[in-house]
Every structure is written in C-alpha cells, then in structure tokens.
Amino acid sequence: MATTTAVPDTAAKNGLAVTDIIKMDANRIYGQGTKVYPAKPGAVYKGDITILDTHVLQEIGKNSVILHEKSKLDYASEEFKKTAESLRRPDVAIYYQDDHKNPTDTAKVFPFSPAKDDLERVVAGLKKSAKELNMPNMDNVLDSLAGRSWERNQEIRKHIKDEKVAAKEAKAASTPATPASPQQKAPKR
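Residues numbered from 1 in each chain as written. Predicted model: local features only at pLDDT ≥ 70, side-chain atom pairs only at ≥ 80, totals over all residues. Heavy atoms only, no water.

Chemist: Mind laying out the overall build of the chain, listing which residues take part and the relevant values?
Modeler: Helix and strand counts for the chain stand at five helices and eight strands. Reading the chain from its N end, one meets helices and strands in the order β-α-β-β-β-β-β-α-β-β-α-α-α. For the chain, buried positions account for 29% of its 189 residues. A separation threshold of at least 6 residues defines the contact pool for the chain, and within that pool the share at least 24 residues apart is 59%. (Helix = DSSP H or I, 4+ residues; strand = E, 2+ residues; numbered from the N terminus. Buried < 20%, exposed > 50% of the residue type's maximum accessible area, 1.4 Å probe, protein only. Contact = heavy atoms within 4.5 Å.)

In structure tokens, the structure reads:
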C-alpha cells in the first residue's frame with residue numbers, strides 16, 4: 001500500500017488545479033470515485049504513478065491519488081526517468097523537500113519499493129523495542145540482518161526471473177517451425 005506524509009494544509013500555490021478532465025483521468029485509471037488531491041510543498045508521496053501529457057497521477061491509497069505537475073518533477077537520473085516512463089505504473093517516492101527537509105514547490109522523484117519500505121518500517125520498530133528493552137548494539141545487528149534479508153530477496157527474485165526467461169527460451173526452441181504454405185514455396189517470377 002502506498003504511503004504519504006504531509007505538512008499542514010499549505011496546498012501548492014502555483015500547481016495544477018484539479019479539473020474535471022484530471023478527475024476523469026483518475027477515475028479511468030484508478031477506478032470510479034477516486035479522489036484527486038493537489039501535491040503540497042513539504043510532503044512526501046509514495047506509490048505507483050501514471051504519467052500523462054501535462055501531469056502525473058500517483059496512487060497513495062484506495063481511491064486516493066495525488067496530482068503532480070509534470071514540469072515540476074525532477075527524476076533522480078535520466079536513466080530512471082526513461083525507465084519510469086516505459087513502465088505501466090512504476091512505484092516511486094516523490095519528495096517536495098530539499099536536502100534539509102524544507103518544503104519546496106518542485107519535487108525530486110526516486111525509485112521506491114513497497115517491500116523494502118515495509119522491511120525498513122519493521123526494522124525501525126525492532127530498533128525502538130531494542131532500545132526500550134535496553135539491548136545495546138542491536139541497531140547494527142538489525143541493520144545487518146535487514147541488509148542480508150533484502151539481498152536474499154533480490155537473489156530469489158532474480159533466480160525466478162532467470163528461470164522464467166530460460167523456460168520461455170526452451171519452449172520457443174522446442175516449438176517446431178510452421179511449414180511454409182504452397183504460396184510461400186512457389187518461386188518468385
């Protein structure tokens with residue numbers, strides 16, 4: 001599930017207005033009854049996005065999307081921007097904050113993994129519990145365990161993907177070519 005954190009109600013002053021056309025886009029993409037909210041300076045939004053001509057819609061919850069002005073989004077890299085544009089609904093984190101967490105009207109867009117975000121949230125909770133129980137040095141241990149768990153997760157995902165590709169290639173190699181029709185066999189004149 002996507003997440004968001006926001007500062008008090010200071011809607012983007014120069015951002016896109018939520019028009020009927022944008023509402024129709026949101027309903028078409030995310031389902032009837034979807035509510036559209038303008039992005040706010042200082043907020044952080046996490047979830048999948050749909051890139052349209054002038055704007056980007058980002059799902060932050062069931063029937064809730066954030067409207068981002070496309071021209072105000074700065075991707076972490078040009079390669080990531082191309083990847084995001086080529087995917088159907090990539091997961092991203094959009095920060096309307098500078099490096100010191102001060103609110104900005106423009107945003108930085110980063111790759112986002114809901115699974116990794118969940119893992120980090122669990123580890124943060126475990127660290128808090130370890131401190132409450134006066135367990136010294138648990139931060140480093142938990143960071144190491146989380147890091148190794150994530151590496152193993154990525155290795156498993158890569159292995160599964162490689163197996164699917166190999167199976168697809170094997171199936172294609174074992175499928176006999178269809179014989180040419182008589183019209184295709186006829187010599188050219």
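So that's the structure; there's more coming.
Chemist: Please provide a residue-by-residue account of the pattern of salt bridges, values included.
Modeler: One pass over the structure, following the stated rule, counts ten salt bridges. Residue Asp162 is joined to Lys158 by a salt bridge in which the shortest nitrogen-to-oxygen separation is 2.9 Å. Here Lys158 and Asp162 lie together in helix α4 (residues 138-174), a separation of four residues that amounts to about one turn. In the salt-bridge network here, residues are joined through shared partners; they are Asp48, Glu59 and Arg89. (Salt bridge = Lys/Arg side-chain N within 4 Å of Asp/Glu carboxyl O.)

Chemist: Could you give an account of the nonpolar core, naming the residues involved and the relevant values?
Modeler: Grouped together as the largest cluster of nonpolar side chains are 16 residues, with contacts concentrated most on Tyr45, Leu73, Tyr75, Ile94, Tyr96 and Val109. Only β3 (44-51), β4 (55-61), β6 (73-75), α2 (78-86), β7 (91-97) and β8 (103-111) provide two or more residues apiece to this core. Of the residues forming this core, the biggest block, three residues, is contributed by β7. Core analysis: the next-biggest nonpolar cluster, separate from the first, contains nine residues, Ala26, Ile29, Leu52 and Leu57 among them. (Core = buried A, V, L, I, M, F, W, Y, C linked by side-chain atoms within 4.5 Å.)

Chemist: Tell me what's going on with the side chain of Asp25, and back it up with residues and numbers.
Modeler: Locating Asp25 in the fold gives a position in helix α1 (residues 20-30). Excluding residues that lie within four positions of it along the chain, Asp25 makes contacts with Leu52, His55 and Leu57.

Chemist: Outline the packing of aromatic side chains, supporting the account with residue identities and numerical values.
Modeler: Applying the stated criterion across every chain, the model contains three aromatic pairs. Between Tyr95 and Phe110, the aromatic rings sit 5.6 Å apart at their centres with planes inclined by 80°, giving edge-to-face as the arrangement. Remark: Phe110 occurs in strand β8 and Tyr95 occurs in strand β7; sequence separation between them is 15 residues. (Phe/Tyr/Trp six-rings, centres within 6.5 Å; stacked < 30°, edge-to-face > 60°.)

Chemist: An account of the confidence of the model for the chain is needed here, citing residue identities and associated values.
Modeler: The predicted model of the chain averages 83 in pLDDT, with 85% of residues at 70 or higher. Confidence over residues 3-14 falls short of pLDDT 50; this stretch has 24 contacts with residues more than four positions distant or in other chains. (pLDDT = per-residue confidence, 0-100.)

Chemist: Any details on α1? Residues and values, ideally.
Modeler: Within α1 the residues assigned to the buried category are Ile22, Asp25, Ala26, Asn27, Ile29 and Tyr30. Against the buried residues of α1 lie β2 (35-38), β3, β4 and β5 (64-69).

Chemist: A description of the environment of Ile29 should follow, citing residues and the corresponding values.
Modeler: Secondary-structure assignment places Ile29 in helix α1. Residue Ile29 is classed as buried on the basis of its relative accessible area, which comes to 19%. Taking the C-alpha atoms as reference points, Ile29 and Glu59, 30 residues apart in sequence, are found 10.0 Å from one another. Sequence-distant contacts of Ile29, that is, excluding residues within four places in its chain, are made with Thr50, Leu52, Leu57 and Arg89.

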